[in-house]
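Architecture and fold: a report
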Amino acid sequence: MNETLPMDEKYRVGLARYRQEYKESLENPESFWKEKAKIIDWFSPFDKVLDDSKKPFYRWFINGKTNMSYNCLDRYANNEKRNKVAYIWVPEKGEEKVVTYYGLYRRVNAFAKALLNLGIKKGDGVTIYLPMILEAPIAMLACARIGAVFNVVFSGFGEEALAQRIDDSNSKTVITADGGFRKGKIIELKKIVDAAIDLSKGVDNVIVVKNANNKINMESGRDYYYDQILEDGYVKPEELDSSDPLFILYTSGTTGKPKGIVHGNGGYPVWVANTLKWGFNPKDEDRWWCAADIGWITGHSYIVFAPLLLGMTSIMYEGAIDYPKPDRMWDIIERYGVNILYTSPTAIRLLMKYGEKYPLSHDLSSLKTLGTVGEPINPAAWHWYYDVIGKSRCPIIDTYWQTETGGFTIAPSAHLGLPDLKPGSATFPMPGIDPVIYGDDGKEVKDGEKGYIVLRKPWPGLMLTVNRDEKRYMDVYFSKFPEQYLMGDYAIKDKDGYYWLLGRSDEVLKVSGHRIGTIEVEDELVAMKEVAEAAVFGKPDTVKGDTIIAFVTLKDGYEKSVEVINSIKKRVRADLGPIMVPEEIHIVDAVPKTRSGKIMRRVIKAVYLNQLPGDISTLENEASVEEIKKAVEIIKKEEGD
Ligand code: PRX
C-alpha cells in the first residue's frame, strides 16, 4: 500500500500549481468558479456563483442561461473546428463511421426538429434505450437542445427496470432501436420496449432506429422509424436556466427503488469539462477513448458531454472489449491511434487474465495517459496496466466519483500537476472537493484509519436532487453527517494525504463496475410466486469485483429443484436484466433473522465466506445459522466434486 511511483519530471513541474488552485478553490470559491465557468458559453451571465440558502439543495450559477447542445456543437460547428472529428464510431463488426462536429451538429438539429414535430417540448421526459450507436449521443444532445429531460436506460436492463424508469421520469416518449449487438447475438430491444410499455403507465411515441434489422412490431400512431421523421434544418437551442434539469439517470441504492439522479444545465457542464481537463490534460490533437457504456454516468459525462464540450475527438465503441478476440481493445488502440484510454478495473483484470501476448502483439505506442473508474483498482491490476499497457510511461489517472457527483471527485491531475502515484490510490481531491474521513461518531479519524468518506463543501457537479424524492436526497446523502455529503464508501487517508477507496459502506455491490443494490435484487426475488424470503450479498471475485449470491426460502408447496432455480434466474434476467442475475441461488429451509424479523444478510455472508459471523445476539433462531452452515457445506462439497 505504501509503494510510491515517482512520476517523470515532465509531469511534476505543476504540482505547486495544483496546490495553489486547490487552495484557491476552497478559500475563494466565488472567484474561482466565476473563472472556471467560462469553459462554457452563457447566453446570459449568472449573477451569483452559489446559492446555498436552501441547503443541501445547492444551486450554481444563479440565473445564468445556457444550453448543453449549443456548447457541445454550435461552438465548434460554425468555425474552423467544424471538420474536426467528434466521434470515430467503431461497431462490433464491420466498418467504422466518422462524424465531424459539423456533421453531428446537423444530425442533432435534424433530430431535435423531429422531436419538436412530435410535440415534445422543454421539460418533457424522454427515455432513451439504445445500444452504443451514434444515435445515442445524438438523441441526448437533441433532447438537451430543446430542453427535454432525458433519461438514458442502459440497454442491458430488462423490461421491468425499463418500465419503472419510464414511469418515474414521466416519459411519454421512448427512443430505441430494433435491436443491438452483443458478442454476435442480437438483443431485441424493441421487443423489450413493447413489454415495458405494457407494464408502464403508457407512452405516446416510440422512435425506432433501424440498427440490427431484426423483425419488430410497429404500432401505428405510436411507433415511428427514426430516419423517417428526421427533418434537416436549424433548431434554436432553448435558453435554459442553470438549474433546469438536463437529465435523470437512475442508480441503485439501499432500497428496492432506484434513485433518479437529476443533473442540471449549468453546474454539471462546468464540472465535467473542468474535471476532464484537470484529470487527463487532453490536447487538441488527442484521441480519447472512454470505453464505458453511455447508459452509465461515465458514458454521459466522459463519452458524450465533457469531450464534446472540450472539442475533443473520441472513439466510441459498440461492442464487448474481448470480442471477437481478447485483443479487441489493443487492436482498436493501434488501429485508431488512441492517446488516452479510460476504462475500468474489471476490464483490466479481464484482459490481464487473457495474458500479455495480446497487448504485446499490438503497437500501443500512441498511448500517453491511462485512466480507470468504477471500483477500487487492486495494485496487481494497476501494475499490469502501468507496466504492460503503458510501458511505464503513461501515468494512471484513477478517478473516484459516482453518478451523484457528476464527474471526478478524487483523481490525480495531469493538467494541474501530477503527484507521485501510489498504485491503488486515487491520490488527491479535485479543486472544489473537500473530503474528510469520519468515524461513526462523526469525528474525523486519524490518518491511516478507515472511515466514511464525506465531502464537506458543495461543488458544481453535485446532483440537483433525487427525482420526485427530495426526502430521499436529504436522508441518503445529508443526514448521517448533517449538511455534508456522504459518498457511501469507506476510505483511508494516508500520512501523505493520499486517499485510498475501500468499497461501499452500504448494501450496494459493484459487479463488473455496475452498481447493484442487494435490496433491489431481493425485492425482485420475493415478488416471485415461489419465493418466500431472500437474502442477497456479494462474493468477492478476482475479475468482477463482486458476484451476486442469493439465499432464498420457498413458499409452501414449492420444492427445491434445479428447475425452480433456473426459472427464478430467467425471470430476473427478463425483468431486471442480465447484470442483475445472481450467479448462485441457494434454496434453504430458513434464513437467519433478528427477533424483529430482519434477515441477517451479514450472517449468511460470513458463513458463506467462511468468516466469523460477528454479533448474533439479536438472532431469532439460531438453528437457521446451522441450516446455512449445512447448506454451505453441501455447496462447497458440490463445488469440489
Ligand atoms: O464505490 C464507489 C465506486 O463506484 C461508486 C459509484 O458508482 P456509480 O455511481 O455507478 O459510478 C461509477 C462511475 C463513476 C462509488 O461510490 N467507484 C467509482 N470509482 C472508483 C470507485 N471506487 C474506488 N475507486 C474508484 N476510482
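Everything numeric here is computed off the predicted structure, so don't read it as measured data.

1. A short note on the environment of V436
Relative to the elements of secondary structure, V436 occurs in strand 21 (residues 435-438). Judged by its relative accessible area of 1%, V436 is buried. Distance from V436 to V262, taken between C-alpha atoms, is 25 Å for residues 174 residues apart in sequence. Residue contacts for V436: discarding those within four places in its chain leaves E444, Y452, I453, V454, R456 and Q484.

2. Looking at the sheet that holds strand 5 (residues 97-100)
Ordered by their spatial adjacency, seven strands build an open sheet running 5-4-17-16-18-19-20, and the pairing between neighbours is mixed. Since the sheet does not close on itself, it has two edges, and those belong to strand 5 and strand 20 (396-399), each with one partner. Pairs of neighbouring strands in the sheet enclose a mean axial angle of 20°, with direction left out of account. Judged from the four bridges that link them, strand 4 (residues 85-90) and strand 17 (residues 313-317) form a sheet pairing that is parallel. Of the residues in strand 17, the one forming a bridge with Y87 is S314.

3. Some points on the environment of G517
Counting through the fold element by element, G517 comes out in strand 27 (residues 514-517). For G517, a relative accessible area of 0% puts it in the buried group. Separated by 475 residues in sequence, G517 and W42 have C-alpha atoms that sit 38 Å apart. In contact with G517, other than residues within four places in its own chain, are S252, G253, E507 and V508.

4. Points about helix 11 (residues 297-309)
Burial analysis of helix 11 places 13 of its 13 residues in the buried class, the great majority of the element. Of the residues trailing helix 11, G311 is marked for its positive phi of about 70°.

5. Regarding the nonpolar core
Among the nonpolar cores identified, the biggest contains 197 residues, and F111, F305 and L525 are the most heavily contacted of them. Looking at which element gives the most residues to this core, the answer is helix 6 (residues 135-146), with nine residues. Counting contributing residues, this core receives three or more from each of domain 1 (101-238) and domain 2 (508-640). Sequence-distant contacts of L525, that is, excluding residues within four places in its chain, are made with V531, A534, V536, A550, V552, I568 and V572. Membership of the second largest hydrophobic core comes to 17 residues, among which are V591, V603, L619 and V625.

6. Some remarks on the site of the ligand
Around the ligand sit 17 residues in total, of which T399, T403, D489, R504 and R515 are the nearest. In the model, a nitrogen atom of the ligand is placed 3.4 Å from a nitrogen or oxygen of the P376 main chain. A distance of 2.5 Å is found between an oxygen atom of the ligand and a side-chain nitrogen or oxygen belonging to T403. Summarising the interface, the protein chains cover 96% of the accessible area of the ligand, which totals 540 Å² for the free molecule. Secondary structure elements with two or more residues in the shell around the ligand: helix 11, strand 20 and strand 25 (499-504). Partitioning the shell around the ligand into residue classes produces six nonpolar, five polar and six charged.

7. With respect to the domain arrangement of the protein chain
Domains assigned within the protein chain are domain 1 (101-238) and domain 2 (508-640). Placing a centre on the C-alpha atoms of domain 1 and another on those of domain 2 gives a separation of 36 Å. Across the boundary between the two partners, domain 1 contributes eight residues, which contact 10 residues of domain 2. With both sides pooled, the region where domain 1 packs onto domain 2 buries about 580 Å², and carbon together with sulfur makes up 51% of that total. Our enumeration of links across domain 1 and domain 2 arrives at zero salt bridges. At the boundary of domain 1 and domain 2, one finds five residue pairs in polar contact (both at pLDDT 80 or more). Here the side of domain 1 that touches domain 2 is composed, by residue class, of three nonpolar, two polar and three charged.

8. Quick word on the side chain of R222
Inspection of the secondary structure assignment puts R222 in the loop between strand 11 (205-209) and strand 12 (223-225). Among the residues examined, R222 registers a relative accessible area of 9% and is labelled buried. Side-chain polar atoms of R222 contact the side chain of D194, separated by 3.1 Å. A polar contact of 2.6 Å, which involves the side chain of R222, links it to the side chain of D223. In this view, R222 contacts K190, D194, I197, V203, D204, N205 and V206; residues no more than four positions away in its chain are not counted.

9. Looking at the sheet that holds strand 25
Whenever strands of a sheet pair, they do so through backbone hydrogen bonds, lying parallel or antiparallel. Spatially, the four strands line up as an open sheet ordered 21-22-24-25, and their pairing is antiparallel. The two strands at the open ends of the sheet, each matched to only one other strand, are strand 21 and strand 25. The sheet shows a mean angle of 45° between the axes of neighbouring strands, taken without regard to direction. In the sheet, strand 22 (residues 451-455) pairs with strand 24 (residues 485-493) via four bridges, with the strands oriented antiparallel. In the sheet register, G451 faces strand 24, and the bridge partner there is A491.

10. Quick look at the packing of aromatic side chains
Tallied over the full model, the rule gives 51 aromatic pairs. Judged by centre distance (5.9 Å) and plane angle (70°), the ring pair of Y342 and F408 falls under edge-to-face. Of this pair, Y342 sits in strand 18 (residues 340-343) while F408 sits in the loop between strand 20 and strand 21, placing them 66 residues apart in sequence. On the basis of an interplanar angle of 10° and a centroid distance of 5.4 Å, the ring pair of Y477 and Y485 is categorised as stacked. Comparing Y477 with Y485, the two get one shared label, buried.

11. Notes on the pairing of strand 15 (residues 259-264)
Among the six residues that make up strand 15, six are buried, leaving the element largely enclosed by the rest of the structure. Neither face of strand 15 is open: one carries K259, I261 and H263, the other G260, V262 and G264, and all of them are buried. As judged from the six bridges shared by strand 14 (residues 245-251) and strand 15, these two strands associate in the antiparallel manner. Considered in strand 15, the bridge of P245 is made with G264. Two elements, strand 15 and strand 23 (residues 465-466), share two bridges in a ladder whose sense is antiparallel. Of the residues in strand 23, the one forming a bridge with I261 is V466.

Cut-offs used in this document
- Residues numbered from 1 in each chain as written.
- Predicted model: local features only at pLDDT ≥ 70, side-chain atom pairs only at ≥ 80, totals over all residues.
- Heavy atoms only, no water.
- Helix = DSSP H or I, 4+ residues; strand = E, 2+ residues; numbered from the N terminus.
- Buried < 20%, exposed > 50% of the residue type's maximum accessible area, 1.4 Å probe, protein only.
- Contact = heavy atoms within 4.5 Å.
- Pairing = 2+ DSSP bridges.
- Axes fitted to C-alpha atoms, helices over the stretch in contact; angles between N-to-C directions.
- Core = buried A, V, L, I, M, F, W, Y, C linked by side-chain atoms within 4.5 Å.
- Domains from an automatic or database assignment.
- Near = heavy atom within 4 Å.
- Polar contact = N/O pair within 3.5 Å; in protein donor to acceptor, adjacent residues only side chain to side chain.
- Areas by Shrake-Rupley, 256 points an atom, 1.4 Å probe, with all protein chains shown as cover.
- Nonpolar A, V, L, I, M, F, W, Y, C, P; charged D, E, K, R; others polar.
- Buried area = accessible area lost by both parts, 1.4 Å probe.
- Salt bridge = Lys/Arg side-chain N within 4 Å of Asp/Glu carboxyl O.
- Phe/Tyr/Trp six-rings, centres within 6.5 Å; stacked < 30°, edge-to-face > 60°.

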